[in-house]
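Observations on the model geometry
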Amino acid sequence: MAGIVRKSFDSADETRPFEDGKGRLDLLIGDGGSVGRAVFEPGWQWSKHVKPIAGTDSCQASHVGYVISGRMKVVMDDGETTEFGAGDYMEVKPGHDAWVLGDEPCVALDWLGFTDYAVPQS
């Protein structure tokens, strides 16, 4: 087993595209866990571009991450809402919808909730 591992999102272990070409999730898988980088294109919305893949009424993933660029609005099932932008740390519990704000892609890293995110249901 190697003492040092180097990986790049540019050659991710797995890539999961979102519906309608509205982005993708790049996943790096390591012994210590997985980390994902999602690129959410302008016009992306969870309920339109991931819900058909996930098969749930709202996103059921817990997210702990960091927004690299762009902006996103998150609305919890109970109506609580916030916006995240470049430089923000985020924690979002299961039970939410989200969408990109503006004309710039929202790029985010997540080291908790992307392992099972946008996996087609069988």
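The name an unreviewed UniProt entry assigns to the chain is Quercetin dioxygenase-like cupin family protein, from the organism Streptomyces nymphaeiformis.

This next bit is on the overall build of the chain. Along the backbone of the chain there are two helices and nine strands. When the helices and strands of the chain are listed from N to C terminus, the series reads β-β-β-α-α-β-β-β-β-β-β. Since a compact globule built from 122 residues should have a radius of gyration of about 14 Å, the 14 Å found for the chain is in line with a globular shape. Pairs at least 24 residues apart make up 59% of the contacts formed inside the chain by residues separated by at least 6 positions. Put simply, the chain shows about 6900 Å² of open surface, and 50% of that area lies on carbon and sulfur atoms.

Attention now goes to the pattern of salt bridges. Working definition: two side chains of opposite charge can pair if their charged atoms are close together. Taken as a whole and judged by the stated rule, the model has five salt bridges. The closest approach of N and O atoms between Glu-14 and Arg-16, which form a salt bridge, is 2.8 Å. The partner of Arg-71 in a salt bridge is Glu-83, with the nearest N and O atoms 3.1 Å apart. Within this pair, whereas Arg-71 is found in strand β5 (residues 71–76), its partner Glu-83 is found in strand β6 (residues 81–85), the two being separated by 12 residues in sequence. Within the structure, one salt-bridge network assembled from shared partners comprises Arg-24, Asp-26 and Arg-37.

Further remarks concern the pairing of strand β3 (residues 33–40). When you tally the buried positions in β3, you get six out of eight residues, the bulk of the element. By the bridge criterion, eight bridges tie strand β2 (residues 23–30) to β3 in an arrangement that is antiparallel. Paired with Arg-24 across the strands is Val-39, a residue of β3. Counting the residues that bridge the hairpin from β2 to β3 gives two residues. For β3 and strand β9 (residues 106–110), the ladder comprises five bridges, and the chain directions are antiparallel.

The next thing to look at is the sheet that holds β9. The antiparallel open sheet is built from six strands, whose spatial order is β1-β2-β3-β9-β4-β7. Both outer strands of the open sheet, β1 (14–17) and β7 (89–92), are each paired with one neighbouring strand and no more. Strand-to-strand, the axes of this sheet are offset by a mean angle of 25°, without reference to chain direction. Where strand β4 (residues 63–69) lies against β9, four bridges are found, and the strand directions are antiparallel. Of the residues in β9, the one forming a bridge with Ser-69 is Val-107.

Within this numbering scheme, the UniProt entry marks residues 62–111 as carrying the feature "domain: Cupin type-2" (unreviewed entry). Helix makes up 0% of residues 62–111 and strand 66%, with an end-to-end C-alpha separation of 10 Å.

What counts as what
- Residues numbered from 1 in each chain as written.
- Predicted model: local features only at pLDDT ≥ 70, side-chain atom pairs only at ≥ 80, totals over all residues.
- Heavy atoms only, no water.
- Helix = DSSP H or I, 4+ residues; strand = E, 2+ residues; numbered from the N terminus.
- Rg over C-alpha atoms; globule rule 2.2 N^0.38 Å.
- Contact = heavy atoms within 4.5 Å.
- Areas by Shrake-Rupley, 256 points an atom, 1.4 Å probe, with all protein chains shown as cover.
- Salt bridge = Lys/Arg side-chain N within 4 Å of Asp/Glu carboxyl O.
- Buried < 20%, exposed > 50% of the residue type's maximum accessible area, 1.4 Å probe, protein only.
- Pairing = 2+ DSSP bridges.
- Axes fitted to C-alpha atoms, helices over the stretch in contact; angles between N-to-C directions.
- UniProt positions renumbered as here; feature names shortened; annotations may be inferred.

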